[in-house]
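Survey of secondary and tertiary structure
What follows is the residue order along each chain.
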Amino acid sequence: MPAVAGSLYMASQHKGVPPLPPPLPRPLPVINLGRLTMDSASRALAVRDIVLACRERGCFEVVNHGISRSCMNGALEAASEFFQLSTERKEEFASDDIRQPIRYDTSSRDGISMSRSFLKHYANPLDDWIKFWPTQPPTYREKMGEYAVETQRVSMQLMEAILQGLGLGPSYLQEKLEGGVQFVALNNYPQSSAKKADKIGLAPHSDYGFLTILLQSSPGLEVMHHEDDAWTSVPAIPGALHVHVGDHLEVLSNGQLKSLVHRAVLNPNESRISIASIHGLSMDEEVHCAEELVDEHHPKMYRGSSFQDFLDFLPANMNRYKRYVESLRIDKP
Ligand SMILES: O=C(O)CCC(=O)C(=O)O
Ligand SMILES: [Fe+2]
């Protein structure tokens, strides 16, 4: 009998040996971003790794991205100090209106916040938005501003690599991306309690931009890869950032890359902060399937839409789609 894994497995069952356990979860790809600015061979390998990770896993971790530890820790500290302010102070930013330039909330009116409070605001270009940001804690604008500018830079590098890897060229959409939306969500989750059975902080969803860059103070982010039916926990690797594919990258790539379903679970040991930076085109700019990726074998899969369209869509469609992009499919039932 040939010594293939399947036959060994069968043989062990025949002898009454317990069946093999399911395969171990594959570790998430960790990509050294420094290679993008080295020689062209190193860049080509990094581009290949990034696109493969996007295609096969929908996400990856990046290291050597050029954002200093003190900048990342500064942003986490500023977020943590904001959430420690009195309720009254935080509620100065409370609003039901998702079009406000800054918004604080604690409830699940958005259909997915099960146990989190959040502060959301825009960040690019910084000069247009920073005036709306909190002045308490006093270092908030400086620390969050520095981190926002740095993540916008990393998002540009990543998008150039992805667009190159898709065959569209690194400067495809460049100006529109430079002037695009950067939406920053600071999330604050309580420590899970032994009494409460529900350990979900944020329910499963995808993000609507091209890319999300996420920094977490401790583990809690979980992702579901495209072919999987199970959650994979994303480790909080010191100094690393997590990156995942959003709905508009699925549209732009005409379905070659798929937006990633993810959720946040409560951490049993501590309260947790995450900072999600979502990058896309500007408010009214529609994202379409790239014509270069449409042909007779790959018909156009999605209709075009803008960030503005997403905001219009959201209030009436909470919980209808786990991924907004499903509503954009041309062949949807
Ligand atoms: O807290 C997390 O890890 C996930 C946050 C998230 O998915 C979001 O803000 O969209
Ligand atoms: Fe998200």
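Residues numbered from 1 in each chain as written. Chains lettered and ligands numbered in written order. Predicted model: local features only at pLDDT ≥ 70, side-chain atom pairs only at ≥ 80, totals over all residues. Heavy atoms only, no water.

Near ligand 1 there are 13 residues, and of these Asn187, Tyr189, His262, Arg272 and Ser274 occur at the shortest range. The contact in question runs from an oxygen atom of ligand 1 to an N or O atom on the side chain of Ser274, over 2.7 Å. When the free accessible area of ligand 1 is taken as 290 Å², the share hidden by the protein chains comes to 96%. Secondary-structure elements contributing two or more residues to the shell around ligand 1 are β5 (182-189), β6 (200-205), β11 (261-265) and β12 (272-279). (Near = heavy atom within 4 Å. Polar contact = N/O pair within 3.5 Å; in protein donor to acceptor, adjacent residues only side chain to side chain. Areas by Shrake-Rupley, 256 points an atom, 1.4 Å probe, with all protein chains shown as cover. Helix = DSSP H or I, 4+ residues; strand = E, 2+ residues; numbered from the N terminus.)

Evaluated as defined, the whole model comprises 16 aromatic pairs. Arranged with centres 6.0 Å apart and planes meeting at 70 degrees, the rings of Phe82 and Tyr104 form a pair that is edge-to-face. With Phe82 in helix α3 (residues 69-83) and Tyr104 in strand β3 (residues 102-105), this residue pair connects regions lying 22 residues apart in the sequence. Using a relative accessible area of 0% as the deciding quantity, one classes Phe82 as buried. With a centroid separation of 6.3 Å and an interplanar angle of 15 degrees, the aromatic rings of Phe307 and Phe310 are classed as stacked. In this pair, Phe307 and Phe310 are both assigned in helix α9 (residues 307-313), three residues apart and thus about one turn of the helix distant. Both residues of the pair, Phe307 and Phe310, belong to the buried class. Site record: aromatic cluster; members linked through ring pairs are Tyr122, Trp129, Phe132, Phe183, Tyr208, Phe307, Phe310, Phe313 and Tyr324. Positioned over the ring face of Phe118 is Lys120, at 4.5 Å from the centre of the ring. (Phe/Tyr/Trp six-rings, centres within 6.5 Å; stacked < 30°, edge-to-face > 60°. Buried < 20%, exposed > 50% of the residue type's maximum accessible area, 1.4 Å probe, protein only. Lys NZ or Arg CZ within 6 Å of the ring centre and 35° of its normal.)

So, to be careful, I would describe these as geometric facts and stop short of saying anything about function.
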